[in-house]
Amino acid sequence: AVDGYRLSVRRETLETPVQTNARFVVPAFALREVERILSESSDVVEIYPDSRHILFRIGDTVLITRLLEGEFLNYQAAIPADAKAVITVDVRQLISSIERVSLIVSEKLKTPVRMEFDGSLLKLSCITTIGKSYDEFEYDGDVPHLEIGFNNRYLLDALRYSKCERMVLEINGPLSPVKMLPVEGKDFIYLVLPVRFKNE
């Protein structure tokens, strides 16, 4: 899924292997409805796509929606293959730090959270008309001094929904997206684009 500021890829194992490759683009509103149904059910999901529609069967509930026409963008080309720096962070600790410095961020201004990587220390800060906030913690890895700005909500979404205790962050520079991955396996990839600071 993509929205212009972030990209997420999720891989799941099917209970029954599919004999042929199938590619289709489902509207986001339909998948949100499937998600809502699943939150109230523990049934297996059966998916039946055809050329123009797709059917989801979840227990006694059936949802049919029209597929979007055209090809989905080549998202794999947007995922950086290499990284200048790779670090491992405690997810709960990073969430807590971002939440603390985000207390002064308003929905109207959407001030970015500044993340300063310095060796093995991550310094988080934010400056708004309300005031200043600061927090820091140590991570596993070593990054040459680097400052990146992020929308706090996009980072928090990625961290909370990962359901991981620890996560790998691959960093390429102040204007390159940060790549977020599980420590083991390839269950998901999450990219978040940085935000330019106004003075830059």
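Preceding this section is the structure that the text describes.
Reading the values: rules and limits
Residues numbered from 1 in each chain as written. Predicted model: local features only at pLDDT ≥ 70, side-chain atom pairs only at ≥ 80, totals over all residues. Heavy atoms only, no water. Salt bridge = Lys/Arg side-chain N within 4 Å of Asp/Glu carboxyl O. Helix = DSSP H or I, 4+ residues; strand = E, 2+ residues; numbered from the N terminus. Buried < 20%, exposed > 50% of the residue type's maximum accessible area, 1.4 Å probe, protein only. Contact = heavy atoms within 4.5 Å. Axes fitted to C-alpha atoms, helices over the stretch in contact; angles between N-to-C directions. Parallel < 35°, antiparallel > 145°, perpendicular 65-115°, else oblique. Left-handed = near helix turned anticlockwise from the far one by under 90°. Nonpolar A, V, L, I, M, F, W, Y, C, P; charged D, E, K, R; others polar.

Would you explain the pattern of salt bridges in this entry?
Oppositely charged side chains may form a pair once their charged atoms are brought near each other. Within this structure, the stated rule accounts for 14 salt bridges. Here Glu99 and Arg160 are joined by a salt bridge, their closest N and O atoms 2.5 Å apart. Of this pair, Glu99 sits in helix α2 (residues 91–101) while Arg160 sits in helix α3 (residues 152–162), placing them 61 residues apart in sequence. Overall, Arg160 belongs to the partly exposed group, its relative accessible area being 40%. Of the charged contacts in the structure, one is a salt bridge between Arg166 and Asp140, with a shortest N-O distance of 2.4 Å. You can see Arg166 sitting in strand β8 (residues 166–171) and its partner Asp140 sitting in strand β7 (residues 132–150), a full 26 residues away along the chain. Through salt bridges with shared partners, a single ionic network connects Asp3, Arg6, Arg153 and Asp157.

Explain the side chain of Glu170 here, please?
Mapped onto the elements, Glu170 comes out in strand β8. When near neighbours in sequence (up to four residues on either side) are disregarded, Glu170 contacts Ala83, Ala85, Val86, Pro177, Val178, Lys179 and Leu181.

Would you mind showing me how to read the packing of α2 against α3 here?
A pair of packed helices is captured by two measures, namely the crossing angle of their axes and the spacing between those axes. One can describe the packing of α2 onto α3 by two numbers: an axis separation of 10 Å at closest approach and a directional angle of 155 degrees. Comparing their axes, α3 and α2 come out roughly antiparallel. Of the two elements, α2 crosses α3, and the hand of that crossing is left-handed. Along the contact surface, α2 presents Val91, Leu94, Ile95, Ile98 and Glu99, while α3 presents Asn152, Leu155, Leu156, Leu159, Arg160 and Ser162. Here the contact of α2 with α3 is composed, by residue class, of seven nonpolar, two polar and two charged.

Got a minute to help me understand the environment of Ser51 in this structure?
Looking at where Ser51 falls in the secondary structure, it is placed in the loop between β2 (45–49) and β3 (53–58). The exposure class of Ser51 is exposed, given its relative accessible area of 71%. For Ser51 and Phe24, which are 27 residues apart along the polypeptide, the C-alpha to C-alpha distance reads 8.6 Å.

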